[in-house]
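A look at the structure
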Amino acid sequence: MSVLVLTLAVCAACCLGLGFVLQQNAARQAPLSDFLSPRLLLDLMRMPRWLGGIGLMVAGMVLGAIALSQGEVSLVEPLLATNLLFALALSRRQTKQPLGRQGWAGLALLAGGVTAFIVAGEPRGGTAVTNPWRHWLIIGTMLGLALLLTTYAKRSRLSAGPVLLALAAGLLYGVQDALTRVSGERFSAGGLPHLLTGWQPYAVVLLGLTGLVLVQSAFETAPLRMSLPALTAAQPLAGIVCGVGFLGDRLRTDTGALAWEAAGLAAVVVGIILLGLHPAMPSGTTPSRPGRDLQPR
């Protein structure tokens, strides 16, 4: 494993985790009438804390893109999932909550799961699949699931809605990471003209903006502990599926390796849930805040 890729991915995770907390701190004060509307972003742009969070997230995405250009998606994605560790660190500083058994167990499971998956799977590059049908089948499945989750979230609003929106955003971000890798390869092969003549960079921007609306809608309607675990768990899983499915990433497939890879991913998901539900995470919405509109316009 490249030390450069490891450093870039962990730095990206740090920026993402800190950025998510700052975004949720601001988004919980936005009008609920902006739910799933691009108008939400316009309202949030007036809040310095949200702009700071977005700045950190953009920095994390840039660092992540550089890491993806140097390493396999199946390697970078699990490392990006550690953003929850940094989110918890900032949240704990804000809430003064101790880690306790739940926090330490979550940390151990997340860190151990990422390590187990990478060591057992030994992600490495290979030949990308040239069959466009396979590309569109995997991408279409991810986008279809995201659309389905968003549809149900719109109906449930303040109950299961935030979790479903976060899952949908995680799927979109996983696909975005894979297409970021493809865009980087096109740029390396033919420079800016070759990059701009492909559809991938435009899809990266569209997926990013759509995911941003979904994430901010989840952040404004529920505590961070409801949305961030789902987002953090869905993104690496979607990215790994894309990486192995059509980018040519290869993992060890012998019985022992597959067992450790599955156990590692399971530990990552459980660790994410434990950390996301930790009392140190921000408590979320403030519906009694003056001027906060609880009814749709």
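Presented here is an overview of the structure given in this document.

Parameters at a glance
Residues numbered from 1 in each chain as written. Predicted model: local features only at pLDDT ≥ 70, side-chain atom pairs only at ≥ 80, totals over all residues. Heavy atoms only, no water. Helix = DSSP H or I, 4+ residues; strand = E, 2+ residues; numbered from the N terminus. Buried < 20%, exposed > 50% of the residue type's maximum accessible area, 1.4 Å probe, protein only. Contact = heavy atoms within 4.5 Å. Areas by Shrake-Rupley, 256 points an atom, 1.4 Å probe, with all protein chains shown as cover. Lys, Arg positive; Asp, Glu negative; His and termini not counted. Charge placed at Lys NZ, Arg CZ, Asp CG, Glu CD. Core = buried A, V, L, I, M, F, W, Y, C linked by side-chain atoms within 4.5 Å. Axes fitted to C-alpha atoms, helices over the stretch in contact; angles between N-to-C directions. Parallel < 35°, antiparallel > 145°, perpendicular 65-115°, else oblique. Left-handed = near helix turned anticlockwise from the far one by under 90°. Nonpolar A, V, L, I, M, F, W, Y, C, P; charged D, E, K, R; others polar. Patch = residues over 30% accessible without salt bridge, like charges linked within 9 Å, V, L, I, M, F, W, Y side chains within 5 Å. Salt bridge = Lys/Arg side-chain N within 4 Å of Asp/Glu carboxyl O.

1. Quick notes on the overall build of the protein
In terms of regular secondary structure, the protein is built from 11 helices and zero strands. The order of α-helices and β-strands along the protein, N terminus first, is α-α-α-α-α-α-α-α-α-α-α. In terms of overall dimensions, the protein has a C-alpha envelope of 55 × 45 × 30 Å along the principal axes. In the protein, which comprises 297 residues, the share counted as buried stands at 52%. The contacts in the protein between residues at least 6 apart in sequence include a share of 86% that link residues at least 24 apart. About 13,200 Å² of surface is accessible on the protein, with carbon and sulfur atoms providing 69% of the total. Here the protein holds 21 positive side-chain charges and 12 negative ones, and the gap between their average locations is 10 Å.

2. What to know about the nonpolar core
In this structure, Leu228 and Leu231 are the most contacted members of the largest nonpolar core, which totals 78 residues. Here this core gets 12 residues from one element, more than from any other, and that element is helix α8 (residues 161-196).

3. With respect to the packing of helix α7 (residues 132-156) against α8
For any two helices packed against each other, the geometry is given by the interaxial angle and the distance between the axes. Closest axis-to-axis distance for the α7/α8 pair is 8 Å, and the angle between their directions is 160 degrees. The orientation of α7 with respect to α8, classified from their angle, is roughly antiparallel. Note on packing geometry: the crossing formed by α7 with α8 is left-handed. Of the residues in α8, those touching α7 at Ile139, Met142, Leu143, Leu145, Ala146, Leu149, Thr150, Tyr152, Ala153 and Ser156 are Gly161, Leu164, Leu165, Leu167, Ala168, Leu171, Leu172, Val175 and Leu179. Tallied by class, residues from the contact of α7 with α8 come to 16 nonpolar, three polar and no charged.

4. Some thoughts on the packing of helix α1 (residues 3-27) against helix α4 (residues 73-80)
α4 packs onto α1 with a crossing angle of 40 degrees between their chain directions and a minimal axis gap of 8 Å. With respect to their mutual orientation, α1 and α4 come out oblique. Crossing of α1 against α4: the hand is right-handed. Within the contact between the two elements, α1 uses Val5, Leu6, Ala9, Ala12, Ala13 and Leu16 and α4 uses Leu75, Val76, Leu79 and Leu80.

5. Comments concerning a nonpolar patch on the surface
Residues Phe187, Leu192, Leu196 and Tyr202 make up a contiguous nonpolar surface patch of about 410 Å² in total accessible area. A per-element tally of the nonpolar patch places α8 first, with three residues. Here Tyr202 shows up in helix α9 (residues 200-221).

6. Observations concerning the pattern of salt bridges
Between side chains of opposite charge, a pair can form as their charged atoms come close. The final tally for this structure, using the stated rule, is five salt bridges. A salt bridge links Arg252 to Glu122; the nearest nitrogen and oxygen atoms lie 3.7 Å apart. With a gap of 130 residues between them, Arg252 in the loop between α10 (224-246) and α11 (255-276) and Glu122 in the loop between α6 (100-121) and α7 connect regions that are remote in the sequence. Under the relative-accessibility criterion, Glu122 is labelled partly exposed at 41%. In this structure, Asp254 and Arg252 form a salt bridge, with 3.2 Å as the shortest nitrogen-oxygen distance.

7. Topic: the environment of Ala203
With respect to the helices and strands, Ala203 occurs in helix α9. Along the primary structure Ala203 and Thr180 are separated by 23 residues, whereas in three dimensions their C-alpha atoms are 9.2 Å apart.

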